[in-house]
Amino acid sequence: LAFVMSVDRKFRPIYDALDAKNNKQALKLCNGILQKAPQTHLAKVLKALALERTGKPEEALEMIQQVRKAQPPVTDTTTLNTLYIVTRTLGKVEEATQCYENALKLQPQNEDLALGLFFLFAREFDFKNQQQYALKMNKQFSKDKYFFWAIASLVLQVPPNVPTHPLLSLSEKMMEKMLKEDKIKTLEELLFYLTITDQQSKPQAGLDLVNKLGDLFKFEEEKLGLEANYLLKLGKYSEAALTFKKLININLDEWAYYVGLFDCIGQSSLSLETTDETKEIIRKNKSQNKRSPYLAEIEFAKRFGTGEGVRTDIEEMLVDYFKTFGTKRCCYLDIKPYLSLLSQSQHLSLCQKLETLIETNITLNRTYQLVNYQKIRRELGFHKTLGKEAVAELVNVLFNQYEEVLPLTTSFEKTDDLPGNDLLILIVLLLENLARSHQPYDVHLHKKTLIECALILEHGLRKTLFDSRLKLALVNVFSSLGSYTQAQAVYDTLEIKHIQHDTLSYLLLNNAVRLGGARETLEVAGEVQRFNSDARKELSELAVQPFRHGSYGKTIEFVAVRDHLVYSHQAAVANTEALYAAVVSRLPDLAAIKTQLLQNVKALVTTVVDMKTFKSKRTET
C-alpha cells in the first residue's frame, strides 16, 4: 500500500498537468522522473501522451516502442491501459496489442491482463479477435461468462438482416449447450438467447425458451408480452388473443396490447363471441378514462366495422375522444390517423361538433382545446381553402386567443412551454401557406410574410425563452429570408448538444455557404465533426460495459449506434460543407475584388492612352 501511495504521489502532478492540458509541464515532470529512473515505463507512456498532444507523433511512437521492447515485458495494467490510449490516437493499436501479448507470455495466469487484451479488442470493435480470445479465456479460467462473451462476439460479426448467416446458427448451438448444462441463470442471458432466435425468425424456439425459463422474468407482464407476440407470429391466434386479453387486464392503457388483439381477430376466423367479448373489454375499460381504450374503440370500428353507419360511428367516437381528452396535447396526434376515414361531408360536421365542446371561459384547458381543434381543421384541409381576408381574420382570432391566456401562465417556469405557443406556430403556417399559394407567385409578398412570421415568433420567445419549437421555426424563417447571421444567433440559443449535432445541424449547414456564412459554416461543421469523433471514442469505452455487466444484447445496440456515426449522412455533409466553406473563405471579399477590378481597368485605360500618345508622337516624328 505504501508503494502504491508513493507511486500515486509521484505521478499525480503529471496527471494533473495532462488534465489541465499543460503538456509542456507534463513533459518536464516525466523527464525529471526518467532522469532518476530511466526504466519507469509509466513515465515513458505519459511522456508519449504529452508528446502526441504537442504535435510530435514520431517521438511519441518512439517512446511507445521502447516500452514494447522492454525486458522483462511490462505487466502493469495502468501502464498498459494508458499505452493503449496513446497508440489509439497515433493509429498504432498493434503496439498496444503486442505489449499485452508480451505481458501474458510472462504471466499467462494473470486474469487482469487477459481482460485488458479482450477489452482492447472490444474497444476496437475487433469482433473476430474478441471471439477467439474469449474462448481462450473460458478455457483458461473456467468461467461461464467468458463463453457468453464469445457468443456475443460471434453475433456481432453477423451483418444486419441476414437470418440464414452460419454464425447465427453457431451462436444458437453454443447457447443451446449452455441451456443443456443449466448455465443460463439471468434474465439478460435469456433475452440474449431470444435475440439470436429472433434474428433467425424462429418464433417457436423463442416461445419454448420463454416457457422453459419463465421464472427468470421479474414481471409477469414482460413474460406474457413475449409469449403473446410469439403466438401471433406462429399463427396461434386463439391462444395469442387470450394472452393479449390477460395483458390488457394487467395494463389497460397499453396500446400495443389492443393492436395485438385486433391482429389476432383480423388474421383468423375467431368466433363472434370473441368479437363481442373484445367490445365488452373496451367498453368496460373506457370507464377508467384512459386513452388506449377510447382509441381501441375507434381502431376496432376501422378494422371490423361494416355497413354504411361505420363512418358515422367513427365520427361520434372522435367527438367522444375529443370531449374526454381534448385538453391533452396528444389529442390531435392520437386521432389524426382516423380523420382520413371520414367522408368529405363529415369534415364540416365533425368540426362543428368539436367547436361546441370548447370551453367558453378563458382557461388553460380551453387553450389546449383550441389548439387541437385548429390542428384538426388544418389536417382536414380547411386552412388551405381560406382566402386572404379569411386568413387575416383567423390570424387575428388566434393571436387574440394567445394574448388572452398569457395572464394565466405567470406561474410557469421560464423553461416551460406555454400552452398558447402552438397558436403562434399555427399562425406562421397559415401565413406561409397563403404566401406560397399566391398566384402568380410574388417573391416580395413572400418576404413580407416571412418578416411578419419572424416578428410573431420573436414576440412568443419574449414570453418563453426556451421553447425549442418556436426557435426551430424561427431558424427556418430567417434562413428563408437569407439572414444567416440571425438564423445562427437563434440556433445558438438552442444549446445543441450530443446527438443533436447530427440530427439538427442541417438547419444551418444546408444554406450556410449560399447565404454568405462561410466562417459560420466552419464553426457548425466543426461541432458536428467534433461530436462524431468524440462520440465514437466514448462508444469505444462504452462497448466494454455490456460485457462487464452481462447485458449481452446491449452490445448489438452499441454497434448499431457506432455504425450510425461511421456512416452518418450529416457528418458527410458537414465534411463536404466545411471543405467548400474553407475554399470560399480564402477568396477575397467582393469589395476587394471590386477595387482590384477598378484598378485593373484604370491601368488598362492608362495603357491605351499611353499607346495612343506614343503612336501620335511617332507619326509626327
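Only a predicted model underlies this, so the values are computations on that prediction, with no experimental measurement involved. (Residues numbered from 1 in each chain as written. Predicted model: local features only at pLDDT ≥ 70, side-chain atom pairs only at ≥ 80, totals over all residues. Heavy atoms only, no water.)

A. Spotlight on unusual backbone geometry. Residue Pro-72 is reached from Gln-71 by a cis peptide bond, and omega for that bond is -5 degrees. One non-glycine residue, Ser-201, lies in the positive phi region at around 55 degrees. Here Ser-201 is to be found in the loop between helix H11 (187-199) and helix H12 (203-212). Not every positive phi belongs to a glycine, and Asn-289 is a case in point at roughly 55 degrees. The topology assignment puts Asn-289 in the loop between helix H16 (272-286) and helix H17 (291-304). Residue Asn-289 is classed as partly exposed on the basis of its relative accessible area, which comes to 47%. (Helix = DSSP H or I, 4+ residues; strand = E, 2+ residues; numbered from the N terminus. Buried < 20%, exposed > 50% of the residue type's maximum accessible area, 1.4 Å probe, protein only.)

B. Summary view of the environment of Arg-469. Take Arg-469: it is sitting in helix H25 (residues 468-481). Residue classification places Arg-469 among the partly exposed residues on the basis of a relative accessible area of 27%. Distance from Arg-469 to Asn-421, taken between C-alpha atoms, is 8.6 Å for residues 48 residues apart in sequence.

C. Region of the structure containing helix H3 (residues 41-53). With 13 residues, H3 should reach 18 Å at 1.5 Å per residue; the first-to-last C-alpha distance of 19 Å fits that figure. Buried residues dominate H3, accounting for 11 of its 13 residues. Of all the residues in H3, the buried ones are His-41, Leu-42, Ala-43, Lys-44, Val-45, Leu-46, Lys-47, Ala-48, Leu-49, Ala-50 and Leu-51. (Expected span 1.5 Å × (residues − 1).)

D. Region of interest: the packing of helix H4 (residues 57-68) against helix H5 (residues 77-90). Running from amino to carboxyl end, H4 crosses H5 at an angle of 140 degrees, the nearest separation of the two axes being 11 Å. Comparing their axes, H5 and H4 come out oblique. The handedness of the crossing between H4 and H5 is left-handed. Taking contact as the criterion, the partners of Pro-57, Ala-60, Leu-61, Ile-64 and Val-67 in H4 are, on H5, Leu-83, Val-86, Thr-87 and Leu-90. (Axes fitted to C-alpha atoms, helices over the stretch in contact; angles between N-to-C directions. Parallel < 35°, antiparallel > 145°, perpendicular 65-115°, else oblique. Left-handed = near helix turned anticlockwise from the far one by under 90°. Contact = heavy atoms within 4.5 Å.)

E. Focus on the packing of helix H8 (residues 127-141) against helix H9 (residues 144-155). Contact pair H8 / H9: the axes reach a minimum separation of 8 Å and the direction vectors enclose 165 degrees. If you check the angle between H8 and H9, you find them roughly antiparallel. As H8 runs across H9, the sense of the crossing is left-handed. On H9, the residues that touch Phe-127, Gln-130, Gln-131, Ala-134, Leu-135, Met-137, Asn-138 and Phe-141 of H8 are Asp-144, Tyr-146, Phe-147, Trp-149, Ala-150, Ser-153 and Leu-154. For the contact of H8 with H9, the class distribution of residues is 10 nonpolar, four polar and one charged. (Nonpolar A, V, L, I, M, F, W, Y, C, P; charged D, E, K, R; others polar.)

F. Representation of the packing of aromatic side chains in the model. Within this structure, the stated rule accounts for 18 aromatic pairs. Between Phe-262 and Phe-300, the aromatic rings sit 5.6 Å apart at their centres with planes inclined by 65 degrees, giving edge-to-face as the arrangement. Here Phe-262, found in helix H15 (residues 255-266), pairs with Phe-300, found in helix H17; they are 38 residues apart in sequence, far enough to count as distant. Across this residue pair, the class does not change: Phe-262 and Phe-300 are buried. Note on Tyr-321 and Phe-325: the rings are 4.8 Å apart at their centroids and 40 degrees apart in plane angle, and the pair reads as tilted. Of the two residues, Tyr-321 and Phe-325 are both situated in helix H18 (residues 310-325); the distance of four residues between them amounts to about one turn of the helix. Of the residues examined, Phe-325 reaches a relative accessible area of 6% and is grouped as buried. These aromatic residues form a ring-pair network of at least three members: Phe-118, Phe-119, Phe-141, Tyr-146, Trp-149 and Phe-547. Over the ring of Phe-382 we find Arg-377, and its NZ or CZ is 4.7 Å from the ring centre. (Phe/Tyr/Trp six-rings, centres within 6.5 Å; stacked < 30°, edge-to-face > 60°. Lys NZ or Arg CZ within 6 Å of the ring centre and 35° of its normal.)

G. Layout of the nonpolar core. Judged by nonpolar contacts, the single largest core of 99 residues is most densely connected at Met-137, Trp-149, Ile-184 and Phe-244. When residues no more than four places from it in sequence are discounted, the contact partners of Phe-244 are Ala-228, Asn-229, Leu-232, Tyr-257, Gly-260, Leu-261 and Cys-264. Residues Leu-394, Tyr-402, Leu-430 and Phe-478 belong to the second largest nonpolar core, which totals 42 residues. (Core = buried A, V, L, I, M, F, W, Y, C linked by side-chain atoms within 4.5 Å.)

H. Seen up close, the pattern of salt bridges. Under the criterion given, the structure shown has 27 salt bridges. A salt bridge links Asp-263 to Arg-303, with the nearest nitrogen and oxygen atoms 2.7 Å apart. Residue Asp-263 is found in helix H15, and its partner Arg-303 is found in helix H17; the two are separated by 40 residues along the sequence. The partner of Lys-375 in a salt bridge is Asp-422, with the nearest N and O atoms 3.6 Å apart. Taken together, the residues Lys-375 in helix H21 (residues 364-379) and Asp-422 in helix H23 (residues 421-437) connect sequence positions 47 residues apart. Residue class for Lys-375 comes out partly exposed when judged on its relative accessible area of 23%. Exposure remark for Asp-422: the relative accessible area of 9% places this residue in the buried category. (Salt bridge = Lys/Arg side-chain N within 4 Å of Asp/Glu carboxyl O.)

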